[in-house]
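# Breakdown of the fold
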Amino acid sequence: MTEQNGDLAFLPLGGTGEIGMNLNLYRQGETWLAIDCGIGFSGNDTPEAEILVPDPVFIAERRDQLAGLIITHAHEDHIGAVAHLWPLLECPVYVTPFAGAVLRRKLGEARILQDVPIHVIPCGGRFEVGPFDLEFIPVTHSVPEAQAVVLRTPSGVIVHTGDWKLDPTPLVGPPTDIVRLKEVGDEGVLALVCDSTNVMSSGPSQSEAEVRRSMTSLIASLKGRVAVTCFASNVARVESIAMAAQAAGRTVVLVGRSLRNLDVAARDCGYLSGVLPFLTEQEVNDLPDDQVVMIITGSQGEPRSALSRISMDVHPSVSLGEGDTVIYSSRMIPGNERAIMAVQDNLSRRGVRVITDKEHFVHVSGHATGDDVSMMYDLVRPRYAVPVHGEWRHLTAHAALAQDKNITPVLLEDGDVLRLAPEKVEVVDTAPSGRLALDGGRLLPMDGGVLAARRKMLFNGIIIASVAIDDEGFVIGEPKVSAPGLLDADDQESVRVCEEFASAIDMIPDELRNDDKAFCDAAKTALRRALGRKLQKRPLVDVHVLRV
Ligand SMILES: [Zn+2]
């Protein structure tokens, strides 16, 4: 691709579409800067690959020119891929103290903590990375210390919001710094690269303080055991639940590993100082039912989460039943609906009352509404609007909102290279983009052979035959056939397929018997024929030929 000197460019590699995992790149001259590096969850679309990361091949090939990676906040879709992709990027990472605490634990688990140069920047700090003159501006979001990033470049000033909302009373951390945003707007801003997640909601954002009040009266009114599920990283919400519990004379117990990890990171950074230390799940049974509030992981129906186990009554230390209540203090992330409903169904079957944000005011979004976004445009007054982080209907609604304010919107697909210049902002090139699946510890291309085979096996099973042949290619003994995921070993059909396969390979022409590959191909055809059409399946077919 063309890399003109002096030019500024923006390249999103994973922020558009249904699964938002953020990896944003900026180029100044020949130097690149990355902002955020997150994972996405595939939901029902690709059951063979649960966790996805943006394919970093474009920037990995240019890692010598990559000056650094900035993390705007500690959500998985912004920070979760660092531990997996850093070995391909090998650049310094810039974080706030809280994101740093979360990142260190992840890098420690991946055994690369010692390798990664981490620079902790205070909230609202100004710093330089290569040729980039950068400034953090604190914004409110559903995690502590979210920051917008201002990039001052020879081509102009760019404001990259990250995830944000307006909330005059966020309770943990400061409100979005609208004074500073306006001052940056006064400098003259070329482009605003802005979060679109909640742009289709109208009215001003609701406040965390309102949730706290509502939660306090709700918990005070409940009998029996009370459990609340929310995102572990939503420290303000965890604090709201803890305060509501304390007001009702209940002790707070944390259930689930990610909550315990986030509790440590939050307290290390000075958060949650106003609430008593939480008890562990092993201590829950020492407390009377009406004196406990459990905060539990699993608001998205994750099958291995604590709440999912509790709903099936297979959790080692916690059980819930008749007279108890579970509050979902979270939203349903699209794609997770079925899994969440299954957990709620199991809870209801046990007699547990389930309360969601449909029945009671127990959650507010961490993302800017349309009104908030409109206010952001009034503050920053950019010449161009670049909507990011949302599905296409969100991005187009965001673009229409910008247009109404006489700001020129530019819609990008992942991989589009946007030249940002005062005289013209336009897409000038396309970079390779895509997704990799995190499979155990490996990264696999979604369209590669391994996952293609996995998909095929998932829906059609696999059939494998083993045949021993002698020097001249004649079969020794009986061939073995197995078809896991397709046929049980003692199925009559297995026996039939094996017999038909055995007689078919006896018919293979003699001239193919001295060539292993030719024999193998003929044997695969024989196996496919033996399987026939009765099952109406097209499984993966493989034959092992052992010449003995
Ligand atoms: Zn976020």
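Higher on the page you've got the structure.
Residues numbered from 1 in each chain as written. Predicted model: local features only at pLDDT ≥ 70, side-chain atom pairs only at ≥ 80, totals over all residues. Heavy atoms only, no water.

## Re the packing of helix H5 (residues 178-187) against helix H11 (residues 370-380)
Interaxial distance between H5 and H11 falls to 7 Å at its minimum, and their mutual angle equals 50°. With respect to their mutual orientation, H5 and H11 come out oblique. Contacts between H5 and H11 involve Ile178, Leu181, Lys182 and Gly185 on the former and, on the latter, Met375, Met376, Leu379 and Val380. Among the residues making up the contact of H5 with H11, the classes are represented as 6 nonpolar, 1 polar and 1 charged. (Axes fitted to C-alpha atoms, helices over the stretch in contact; angles between N-to-C directions. Helix = DSSP H or I, 4+ residues; strand = E, 2+ residues; numbered from the N terminus. Parallel < 35°, antiparallel > 145°, perpendicular 65-115°, else oblique. Contact = heavy atoms within 4.5 Å. Nonpolar A, V, L, I, M, F, W, Y, C, P; charged D, E, K, R; others polar.)

## Digging into the environment of Gln300
As for its position among the elements, Gln300 is in the loop between strand E17 (292-296) and helix H9 (306-311). For Gln300 and Ile340, which are 40 residues apart along the polypeptide, the C-alpha to C-alpha distance reads 5.5 Å. Excluding anything up to four places from it in sequence, Gln300 contacts Phe231, Ser330, Arg331, Met332, Ile333, Asn336, Ala339 and Ile340. Separated by 3.3 Å, the side chains of Gln300 and Ser299 make a polar contact. (Polar contact = N/O pair within 3.5 Å; in protein donor to acceptor, adjacent residues only side chain to side chain.)

## A few points about the packing of helix H14 (residues 492-506) against helix H15 (residues 516-531)
In the contact formed by H14 and H15, the axes pass within 8 Å of each other and the chain directions differ by 140°. Between H14 and H15, the interaxial angle falls into the category oblique. Here the hand of the crossing between H14 and H15 comes out right-handed. Between H14, through Arg496, Val497, Glu500, Phe501, Ala504 and Ile505, and H15, the contact on the second element is made entirely by Ala523, Ala526, Leu527, Ala530 and Leu531. For the contact of H14 with H15, the class distribution of residues is 9 nonpolar, no polar and 2 charged. (Left-handed = near helix turned anticlockwise from the far one by under 90°.)

## Some thoughts on the nonpolar core
In terms of nonpolar packing, the biggest core is built from 72 residues, with Val82, Phe98, Met215 and Ile327 touching the most fellow members. Residue contributions to this core peak at 7 residues, all from helix H7 (residues 235-247). Apart from the residues within four sequence positions on either side, Val82 is in contact with Cys37, Leu69, Ile71, Pro87, Leu103 and Leu107. Judged by nonpolar contacts, the second largest core, of 28 residues, contains Phe127, Ala191, Tyr384 and Val410. (Core = buried A, V, L, I, M, F, W, Y, C linked by side-chain atoms within 4.5 Å. Buried < 20%, exposed > 50% of the residue type's maximum accessible area, 1.4 Å probe, protein only.)

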